[in-house]
Structures are given as C-alpha cells and as structure tokens.
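Summary of structural features
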Amino acid sequence: MALSLLALSAFLLLGIDLEEGSVFPAAAAPEGVEITYGSVIKLMHERTKFRLHSHEVPYGSGSGQQSVTGFPNVDDSNSYWIVRPVPDSSAKQGDVIQSGTTIRLQHMRTRRWLHSHLHASPISGNLEVSCFGGENVSDTGDFWWLEIEGSGKTWRQDQRVRLQHVDTGGFLHSHGKKYTRIAGGQQEVCGVRDKRPDNVWLAAEGVYLPVSGSK
C-alpha cells in the first residue's frame, strides 16, 4: 500500500490526470502487464536483484555528474524512473514500447536523465553511467535502445531486457563490486560493449500506465 501511495503521489507531482483504476501498482499488477510511456518503474538487475538507483551525489572522478548505482533495498524512492520517448518522437503517454525502440529514462526524484559517455567508471574502468541534464535539457547521451530477450515484441513487466546506449554502444551493466565510501553497500552500474549475463534487467516495482485507449 505504501508503495502504491508513493507512486500515485509521484504522478500527482507530474501533473498527470489519473482516474480510479487506471494504473497498475506493481504489487497488484497482472502478470506480464505492458510497460508504456509515462509509467514510473524500478529496474531490477537480474543477477544481483539490486535496483537501478541515483541520488544527488556526484562522482568523485570521471565526469563529476550525478552518480548512478545499484541499490540493495526495494523500498527506496530514489530508484524510480519515468519511461519517456526521445524528443520529436510521435509516441505519447500510454503507448506500448516495441523491442528496438530508443527510449529515455528520467530519474523521478532529481528529474535528470540516465546518461552515458566515454568517461571511465570508478570501480571497473568501463563506461561511466550517470544522470545528466534536466526537464528541458537532454541530448543523445540520454538515448537507450531497448532489446527484449526472447520472442517478445512489446516490453512487459516479466520480460528480460537489455538497454544499449546509442552513442557508445555500451550495454547497461552491473556486477557484484560495491562502493565502500560515499555510496557504501551500493554496487557499480556502468556500460560494457559486449553482451553478458550481467547486462539483463527486469521491470519491477512501480506504477504502470494502461495502454492508450484501454479502460
């Protein structure tokens, strides 16, 4: 219940008009619910079960931008991301997302975009993943190509997915190596240019907007 209220509050902050019964809190979502633009979700790293996370703590090296990590606890509001289309797209809120689509993920709390570039990540020296920009500040470094594992054509909650960064070719990646100081206990999130088991993510908790036109 607390999760549902938190997510609904997020939608109210975003100015989205919700009708009763028009969203699917993750705890009550039907299996395989489709993920649509405007949904607020957490992404779970399949192998470690950590959630993709950010907070207003800059990296001490590399770009110095807002850091992105893997977070061990389920109930943290800094792990929510809003699924957005790229600028100039014809996609609208409530549209389903096909495999092969380029998307953006906006961090709900800070309004910055999931981003990557050629700076080295702090622990492994792979491609750094950060949060960058703001509501009206975004560039191609925020673009991620969605690849659904298996035969699925549209993104659903129970599907294994990879996110490949458009500019660098790096796959969104995490592993068991953890920070010990500022983000103690959180694990590194980075980009790697080859497919590995640690590139796989699943949509977990959140509020899923229904498909456009559905009742």
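Computed from a predicted model, the values in this text were never measured in an experiment. (Residues numbered from 1 in each chain as written. Predicted model: local features only at pLDDT ≥ 70, side-chain atom pairs only at ≥ 80, totals over all residues. Heavy atoms only, no water.)

**Concerning the overall build of the chain**
Assigned secondary structure in the chain consists of 1 helix and 13 strands. When its helices and strands are written in sequence order, the chain yields α-β-β-β-β-β-β-β-β-β-β-β-β-β. Across the 215 residues that make up the chain, the buried fraction comes to 53%. Accessible surface, the chain: about 9700 Å² in total, of which carbon and sulfur atoms supply 51%. (Helix = DSSP H or I, 4+ residues; strand = E, 2+ residues; numbered from the N terminus. Buried < 20%, exposed > 50% of the residue type's maximum accessible area, 1.4 Å probe, protein only. Areas by Shrake-Rupley, 256 points an atom, 1.4 Å probe, with all protein chains shown as cover.)

**Quick notes on the pairing of strand 6 (residues 102-107)**
Of all the 6 residues making up strand 6, 5 are buried; the element is thus mostly covered by neighbouring parts of the structure. By the bridge criterion, 2 bridges tie strand 6 to strand 9 (residues 144-148) in an arrangement that is antiparallel. Across the sheet, residue I103 finds its bridge partner in strand 9, namely W144. (Pairing = 2+ DSSP bridges.)

**As for the pairing of strand 5 (residues 81-85)**
Most of strand 5 is tucked away, with 5 of its 5 residues classed as buried. Side chains of strand 5 alternate between two faces, with W81, V83 and P85 and I82 and R84 buried alike. In the sheet, strand 2 (residues 40-45) pairs with strand 5 via 2 bridges, with the strands oriented antiparallel. Across the sheet, I41 pairs through a bridge with W81, a residue of strand 5. Bridge analysis of strand 5 against strand 6 gives 5 bridges, and the strand direction is antiparallel. Residue pairing for strand 6: R84 is matched across the bridge by R104.

**Some points on the side chain of D76**
Within the fold, D76 resides in the loop between strand 4 (66-71) and strand 5. For the buried residue D76, which engages in no salt bridge, the nearest side chain bearing the opposite charge is K42, 6.4 Å off. When neighbours within four sequence positions are excluded, D76 is seen to be in contact with K42, H53 and F71. (Lys, Arg positive; Asp, Glu negative; His and termini not counted. Salt bridge = Lys/Arg side-chain N within 4 Å of Asp/Glu carboxyl O. Contact = heavy atoms within 4.5 Å.)

**Some points on the nonpolar core**
Here is a general trend for soluble globular proteins: nonpolar side chains tend to be buried in one another's company. Within the largest apolar cluster, 29 residues are counted, with the highest numbers of intra-cluster contacts made by L52, L114, W155 and L172. Residue assignment for this core shows that the elements contributing at least two residues are strand 2, strand 5, strand 6, strand 8 (127-132), strand 9, strand 10 (161-165) and strand 13 (201-208). Ignoring sequence-local partners within four residues, the contact set of W155 consists of V33, E34, I35, I41, L43, V83, I97, I103, L146, I148 and V161. (Core = buried A, V, L, I, M, F, W, Y, C linked by side-chain atoms within 4.5 Å.)

**Digging into the pattern of salt bridges**
Within the structure shown, the criterion is met by 11 salt bridges. Here D198 makes a salt bridge to R47, at a shortest N to O gap of 3.5 Å. Residue D198 is found in the loop between strand 12 (187-192) and strand 13, and its partner R47 is found in the loop between strand 2 and strand 3 (51-58); the two are separated by 151 residues along the sequence. Salt bridges linked by common partners bring E46, E149, R160 and R162 together as one network.

**Some details on the side chain of D95**
Structurally, the position occupied by D95 is in the loop between strand 5 and strand 6. Within polar-contact distance, the side chain of D95 engages the side chain of S212 at 3.4 Å. The contacts of D95, once residues within four sequence positions are left out, are I35, T36, Y37, S90 and S212. (Polar contact = N/O pair within 3.5 Å; in protein donor to acceptor, adjacent residues only side chain to side chain.)

**Quick notes on the confidence of the model for the chain**
Put simply, the chain has an average pLDDT of 87, and 84% of its residues get 70 or more. Here residues 1-22 is a poorly scored stretch, pLDDT under 50, and it has 25 contacts once near neighbours within four places are set aside; other chains count. (pLDDT = per-residue confidence, 0-100.)

**Structural notes on the environment of V86**
Residue placement: V86 occurs in the loop between strand 5 and strand 6. Taking the C-alpha atoms as reference points, V86 and I103, 17 residues apart in sequence, are found 5.6 Å from one another. In contact with V86, not counting residues within four places along its chain, are T102, I103, R104 and F143.

**Some points on the environment of S63**
Following the sequence through the fold, S63 ends up in the loop between strand 3 and strand 4. When its relative accessible area of 23% is taken as the criterion, S63 is described as partly exposed. Put simply, S63 and L118 are 55 residues apart on the chain and 9.2 Å apart in space, counted from C-alpha to C-alpha. The residues contacting S63, other than those within four sequence positions of it, are H117, H119 and E128. Within the local environment of S63, its side chain forms a polar contact with the backbone nitrogen of Q65, the two atoms lying 3.1 Å apart.

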